[in-house]
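Spelled out, the chains give:
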Amino acid sequence: MDVLRTVVAIMALLVVVVVVHEMGHFLVAKRSGIQVDEFAVGFGPKLIWKRVGDTVYALRLLPAGGFVRLAGMTGLPEEKDPGPRAFWRASIPKRVATILAGGVFNLIFAGLLFSALAIPSQASAVDAGTPLASAGLHSGDTILTVNGRHINDADEAAVTADMHAATRATEGHPATVVYQTPGGAVRTTTVTPVLELLNLDRSNPLPQQIIVDSIDGNSVTPGDPAMLFHSGNAVKVSGHVIGDTKVYTGTVAGVSTGNGDVGRVDAAWLFGFQPGWAGNTPAYAAGRGFTKVPTAIAGTFTGLYQILTTPNSGGLSGNVQGPVGIVRDTGAAAQAGWMVFLTFMAYISLSLGLFNLLPIPFLDGGRFVFIILEAIRRRRVDPRREAMIHYVGLMLILALVFYVTFTGDIGGRAT
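First, a word on scope: everything that follows refers to the structure included in this document.

1. With respect to the packing of aromatic side chains
Phase 1: Scanning the model with the defined rule gives 5 aromatic pairs in all.
Phase 2: Ring geometry for F26 against F39: centres 5.0 Å apart, planes inclined by 55 degrees, an arrangement best described as tilted. Remark: F39 occurs in strand β1 (residues 36-52) and F26 occurs in helix α1 (residues 2-31); sequence separation between them is 13 residues.
Phase 3: With relative accessibility at 9%, the residue F26 sits in the buried group.
Phase 4: Note on F39: relative accessible area 8%, which makes it buried.
Phase 5: Taken together, a centroid distance of 6.2 Å and an interplanar angle of 15 degrees make the contact between F402 and F406 stacked. Highlighted residues: F402 and F406, both in helix α11 (residues 383-409), separated by 4 residues, approximately one helical turn.
Phase 6: Through a chain of ring-to-ring contacts, the aromatic side chains of F26, F39 and Y57 assemble into a single cluster.
Phase 7: In this structure, K46 is placed above the aromatic ring of W49, and the distance from its NZ or CZ to the ring centre is 4.9 Å.

So this is what it looks like as structure tokens:
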């Protein structure tokens, strides 16, 4: 059943996200008077199809996405001239709108998913073996205050930010936590956070996450995490991963205080809480959902810059998912529940839209560049030359996919 669920999830992800993209091209092309020869869901032989006007609508055998075929897309002289409604004969604004619509639709779809996911209440999760679980909290409980600090439960980002700030402020001292059970009972307990090491330095053999039990043979005491690790100097640590009895002992240097930046080993106090939030009105959820799109885009470019410029970050192969990694993560998201899966779909849609809008040959952004060059030069770029450049762009993209797949997804990621 798990395998079947994963297969269905992968097909659903590909079909929905890609068809949304192609629907953008299709609708704007139709609106712009550009002839659409075919709109297909899936690839391979046609299973069901019907011609309506100039367009064939088809359901094909392989449910792995879909495509739109525009008449006169390349404008190559050896192709049959489709007539006045050819893509290359449309005005520059109409071609620009048609080319960019796919990526824009993906971004809008991501915003819609983020908004829909922000409407229903989401239960919190408290894992076994964490400080909160030891203090009596359970999944579904809502944390109201930590040492008098109010925890905003408007959405995941608000809960996460407030919990991080409250946990950091404890500096490892026992904290008074007021929480509410799903039944409405308000309770108070004392929680002592644990010290976590998060390793995102790909050159460091340290496990990715350690709950520290001792530093240089001494039990962990409250304080600034960076100072506990002697301001980055080499220290001996002993610890374990939550829920695992295996003990790790080794030496670590360069530990700093942070939130898990790539290329570093960060130390922080941890309660062990996966946020939940109260339900929101559709209007509020829409505002939060669509705000998340530019925030995620900015985070993507910031993260990419850090990966490329930070020593020991692991580079693209250590941080960027290839097809194998996406399949693996899709399966994990499907097993985790429909809200996790839809959140994953939203990020995939956002990534697809953003990637396609980049000014890279073969992608929509690359075709947009050629249309702008035509507007500046007031004549078309030689279609054969443009086609060759797009072909080179495709080869480079495929090479990157193979590189990430075999050096990261299959070759193994640092853990």
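2. Overview of unusual backbone geometry
Phase 1: A positive phi is found at N147, a non-glycine position, where the angle reads about 50 degrees.
Phase 2: Along the chain, the position of N147 falls in the loop between β3 (142-146) and β4 (149-150).
Phase 3: Even without glycine at this site, F362 takes up a positive phi of about 90 degrees.
Phase 4: Position of F362 relative to the elements: it lies in the loop between α9 (338-356) and α10 (364-377).

3. As for the nonpolar core
Phase 1: Formed by 20 residues in total, the largest nonpolar core has its most connected members in L13, F114, V293, I297, F341, M345 and L350.
Phase 2: Of all the secondary structure elements, the ones that give two or more residues to this core are α1, α2 (92-118), α6 (282-309), α8 (323-336) and α9.
Phase 3: Apart from the residues within four sequence positions on either side, F341 is in contact with A9, L13, T330, A333 and A334.
Phase 4: Of all hydrophobic cores here, the second largest spans 16 residues; its members include V126, I143, Y179 and W277.

About the cut-offs
Residues numbered from 1 in each chain as written. Predicted model: local features only at pLDDT ≥ 70, side-chain atom pairs only at ≥ 80, totals over all residues. Heavy atoms only, no water. Phe/Tyr/Trp six-rings, centres within 6.5 Å; stacked < 30°, edge-to-face > 60°. Helix = DSSP H or I, 4+ residues; strand = E, 2+ residues; numbered from the N terminus. Buried < 20%, exposed > 50% of the residue type's maximum accessible area, 1.4 Å probe, protein only. Lys NZ or Arg CZ within 6 Å of the ring centre and 35° of its normal. Core = buried A, V, L, I, M, F, W, Y, C linked by side-chain atoms within 4.5 Å. Contact = heavy atoms within 4.5 Å.

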